[in-house]
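# Structural features, examined
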Amino acid sequence: MTEEKIRILIAKPGLDGHDRGAKVIARALRDAGMEVIYTGLRQTPEMIVEAALQEDVDAIGLSILSGAHMTLFPRVIQLLKEKGLDDVLVFGGGIIPDQDVPELKRLGVRGIFGPGTSTDTIVEFVREEIRRHRAGEPRQ
Amino acid sequence: MSRSSPEQLAQGVLAGDPRALARLISLVEDEHPWARAALAILYPRTGRAHLVGITGAPGTGKSTLVNEMAKVYRRRGLTVGIVAVDPTSPFSGGAILGDRVRMRELAGDPGIFIRSMATRGSLGGLARATSDVVKVLDAAGYDRVLIETVGAGQAEVDIAKTAHTTIVVESPGFGDDIQAIKAGILEIADVFAVNKADREGADSTVTALEMMLDLNGTEPGRWRPPIVKTVAIRGDGVPDLVDWVEAHHDHLRDSGLLAHKEEERTRDELLALIQHELTQALLASLRPGELDEWVRRVARREADPYAAAQSIVHRGGR
Ligand SMILES: Nc1nc2c(ncn2[C@@H]2O[C@H](COP(=O)(O)OP(=O)(O)OP(=O)(O)O)[C@@H](O)[C@H]2O)c(=O)[nH]1
Ligand SMILES: [Mg+2]
């Protein structure tokens, strides 16, 4: 048996047409040895969750710049629950005001990274969360 | 839940559970011990899907064509599994799998299942596990399985072995003479798609391909690969392309070549499995450290590798 590869879906939901941040994260995760399914712009929550299911990913990273994070994240998390995919790690980046972070975390978005975050921080977060999950350890 | 044993996973796949399907594909890719057990259960249910390969240089429009072909098949009432292969980075072992970007129109259709795959070190345009992943989709009941290879830009023999029908995608603008058309594609192409026919030079590409086919000669009864002009971004020519793919499959079936091809594929597969099993059994029969001792001796030129291999095989095979 070879190692179990880490597979991550990176999506850019919402209507703003700018995916530079998402591509930077995708490349950083690839350079850390992960398989990144990149789905591109203007993904609906339904499309994101369907792709996550078919691709059997460990995590979903969403880049949201449009200000619609308080509708998009909850919708993705709700759909994941409906499909029985609640063990998929959800994290996000983009422009998310500090006052929204506690509510998003309460809903189950496990990591939220603002514009200045280094890619190393995000890679380390993803790796550590997935390691814990696979080892059956409780999440922090 | 459907994940608690290989048997349950296989049953989930047969029952049309997309999560079981997705999970089993990962186990197959990871060469997990459960994968073989599940594949063994599924094997009798394979062999029904028509497997179609799509190969060609990077950026020629393979993914866009796959998207349009899937739409045509769906309109004809057929279900479609898609496997899209992209290269693994040799430096990190990671990969960016981006073919889904061109397939967003297929979202939300339960008659379509798309899976992205990284080559994981395999050369030749497919991953080592691709043919087993295709088997899983076949067993799951998809009528057509479309396999997009890595755009390596050279003739990819693996896809011709895996698929029943191989489409080679060319697009104008790479120079329109025969030299620009890669060696070896005649051997693998069952159908040519000259995509981006909205661009200048498509007709020269068609002419160059025609000339190449003419040079190759014709024999009565032999399949001559048709050349279909397509504009994948608009879907133009794609129904025609699909018709030719279907015609090729009919030809394979009616000429007896389908059965022949299946036997050839099975022979390769069986030999590879035998090789794998024998190697595993042999290595397991060695004393701990014995292989390393041989490696050291051969590296120091105290023994030659040919004698070493002979000695290991004959003693191990006792
Ligand atoms: N003008 C024109 N552009 C096309 C056509 N088909 C595809 N394209 C464009 O060509 C580019 C590459 O298309 P893809 O479908 O991603 O090509 P591909 O062969 O799958 O690429 P790789 O998987 O990276 O090798 C995209 O920008 C498409 O929009 C076409 O018929 N005409
Ligand atoms: Mg592609």
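Remember, predicted model here, so these are calculated numbers, not experimental data. (Residues numbered from 1 in each chain as written. Chains lettered and ligands numbered in written order. Predicted model: local features only at pLDDT ≥ 70, side-chain atom pairs only at ≥ 80, totals over all residues. Heavy atoms only, no water.)

All names here are of chain B. Here the largest pocket defines a volume of roughly 1,200 Å³. Looking at the lining of the largest pocket, the elements with two or more residues in it are α3 (33–42), α5 (130–139), α6 (157–162) and α10 (257–285). Here the residues of the lining of the largest pocket sort into 13 nonpolar, seven polar and 10 charged. (1 Å grid on protein atoms, 1.4 Å probe; cavity = no way out; pocket = protein on both sides within 12 Å on 5 of 7 lines; lining within 4 Å. Points joined across faces, edges and corners; volume = space filled by probe spheres on them. Helix = DSSP H or I, 4+ residues; strand = E, 2+ residues; numbered from the N terminus. Nonpolar A, V, L, I, M, F, W, Y, C, P; charged D, E, K, R; others polar.)

With respect to the element layout, H133(A) can be found in helix α5 (residues 119–134). Between the C-alpha atoms of H133(A) and D87(A), which are 46 residues apart in sequence, the distance is 8.4 Å.

Turning our attention to the coordination of the magnesium ion (ligand 2). All names here are of chain B. On the protein side, the magnesium ion (ligand 2) has S63 (OG), D99 (OD) and E148 (OE) as donor atoms, found 2.1 to 2.2 Å from it. If you list the donors of the magnesium ion (ligand 2) from N- to C-terminus, the spacing comes out as S-x35-D-x48-E. One end of the pair, S63, is in helix α4 (residues 62–75); the other, D99, is in the loop between β3 (95–97) and β4 (112–118), with 36 residues separating them in the sequence. D99 carries the same exposure label as S63, and that label is buried. (Donors = N, O, S within 2.8 Å, 3.2 Å for Na, K, Ca; no water. Buried < 20%, exposed > 50% of the residue type's maximum accessible area, 1.4 Å probe, protein only.)

This paragraph deals with the site of ligand 1. All names here are of chain B. Around ligand 1, the structure places 17 residues, and the nearest of them are K62, S63, T64, D198 and A232. Separating an oxygen atom of ligand 1 from a side-chain N or O atom of E148 is a distance of 3.1 Å. D198 is positioned with one of its side-chain polar atoms (N or O) 2.9 Å from a nitrogen atom of ligand 1. Here ligand 1, which alone exposes 650 Å², has 77% of that area covered by the protein. Across the shell around ligand 1, the residue classes tally to four nonpolar, six polar and seven charged. (Near = heavy atom within 4 Å. Polar contact = N/O pair within 3.5 Å; in protein donor to acceptor, adjacent residues only side chain to side chain. Areas by Shrake-Rupley, 256 points an atom, 1.4 Å probe, with all protein chains shown as cover.)

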